[in-house]
Amino acid sequence: MSSATETGHTKNVNNFLQLINYCAGLGTAYNPTLAALKTTNLTAQQAACDAAVKAAGAATDLFNGLVDERMMAFAPLQSYATQIVNAFSVIGLPKDTVKGAIAINRKIQGKRATPKKDTATDAPAPGTPVDGKSGSVSVAQQSYDNYVKHFGNLVGWVQLQASYNPNEPELKVAALNAYLQKIDQANKAVIAGQVPYSNALNSRDELMYAPKTGLVDTAFAVKTYIKSVFKSSSPQFKQVSGIAFTRPRKKR
């Protein structure tokens with residue numbers, strides 16, 4: 001489902017096409033000096049922006065899909081790590097060896113050995129929506145990187161002990177390594193997907209909202225030109241004055 005912001009981009013493009021049609025309907029009376037405001041150039045600009053908005057929408061859908069897949073891959077991480085540590089702690093190993101696994105699991109759970117006041121976790125839980133969804137991209141990405149690292153450390157710690165060989169298939173070392181590979185690949189897919197996703201959005205925003213040359217400022221310039229030629233009280237200007245063009249709200 002498209003977000004309100006994506007709908008706004010599409011509406012701007014569609015309204016720009018409506019504005020061009022009104023300009024064309026004025027015939028030879030619409031004759032701006034500035035080349036960028038001539039109908040042929042307006043039509044080319046509309047087509048380029050339409051393509052950019054669609055490309056950005058497709059890139060967003062693809063990236064959000066990667067984010068969703070990562071969320072699903074990481075969702076069982078914390079409970080799985082605890083299950084592994086519990087199995088590790090009942091096979092007769094020295095206390096310090098078990099404590100090592102517990103310490104790694106504490107990091108996976110996002111807990112400190114001595115929690116800060118009013119602070120229970122160091123990072124978002126592995127199922128927290130991030131990147132294309134919500135939240136801080138840099139902080140959340142670092143958190144996922146750390147989850148992969150910590151789980152890798154846990155797998156490395158338990159497989160050093162030859163006596164760790166549980167009967168349960170999901171707790172065997174091979175299964176642990178398979179899950180480690182799964183979350184690592186899911187995380188790397190999001191990292192790789194950030195570049196084309198960002199590029200598509202940047203390209204769209206440049207074409208749509210760049211000062212003076214973007215679609216929105218061009219639309220306002222067209223309206224001003226029509227107002228200057230036909231006057232503000234004219235039916236010609238009234239036809240176009242109500243066509244809305246908006247810019248995305250700046251993030252605080």
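See above for the structure.
Residues numbered from 1 in each chain as written. Predicted model: local features only at pLDDT ≥ 70, side-chain atom pairs only at ≥ 80, totals over all residues. Heavy atoms only, no water.

**Considering the side chain of lysine 223**
Position of lysine 223 relative to the elements: it lies in helix 7 (residues 215-230). Buried charge lysine 223 goes without a salt bridge, the closest partner of opposite sign being aspartate 217 at 11 Å. A distance of 2.4 Å separates a polar atom in the side chain of lysine 223 from the backbone oxygen of isoleucine 243. (Helix = DSSP H or I, 4+ residues; strand = E, 2+ residues; numbered from the N terminus. Buried < 20%, exposed > 50% of the residue type's maximum accessible area, 1.4 Å probe, protein only. Lys, Arg positive; Asp, Glu negative; His and termini not counted. Salt bridge = Lys/Arg side-chain N within 4 Å of Asp/Glu carboxyl O. Polar contact = N/O pair within 3.5 Å; in protein donor to acceptor, adjacent residues only side chain to side chain.)

**Brief notes about the side chain of aspartate 217**
One can find aspartate 217 in helix 7. Here lysine 212 takes part through its backbone nitrogen, which lies 2.8 Å from a polar atom of the side chain of aspartate 217. In contact with aspartate 217, not counting residues within four places along its chain, are Ala210, Pro211, Lys212 and Arg247. (Contact = heavy atoms within 4.5 Å.)

**Considering the packing of helix 2 (residues 39-74) against helix 6 (residues 173-209)**
At a minimum axis distance of 8 Å, the contact between helix 2 and helix 6 shows a crossing angle of 160°. When the axis of helix 2 is compared with that of helix 6, the two are roughly antiparallel. Once helix 2 is placed against helix 6, the crossing between them reads as left-handed. (Axes fitted to C-alpha atoms, helices over the stretch in contact; angles between N-to-C directions. Parallel < 35°, antiparallel > 145°, perpendicular 65-115°, else oblique. Left-handed = near helix turned anticlockwise from the far one by under 90°.)

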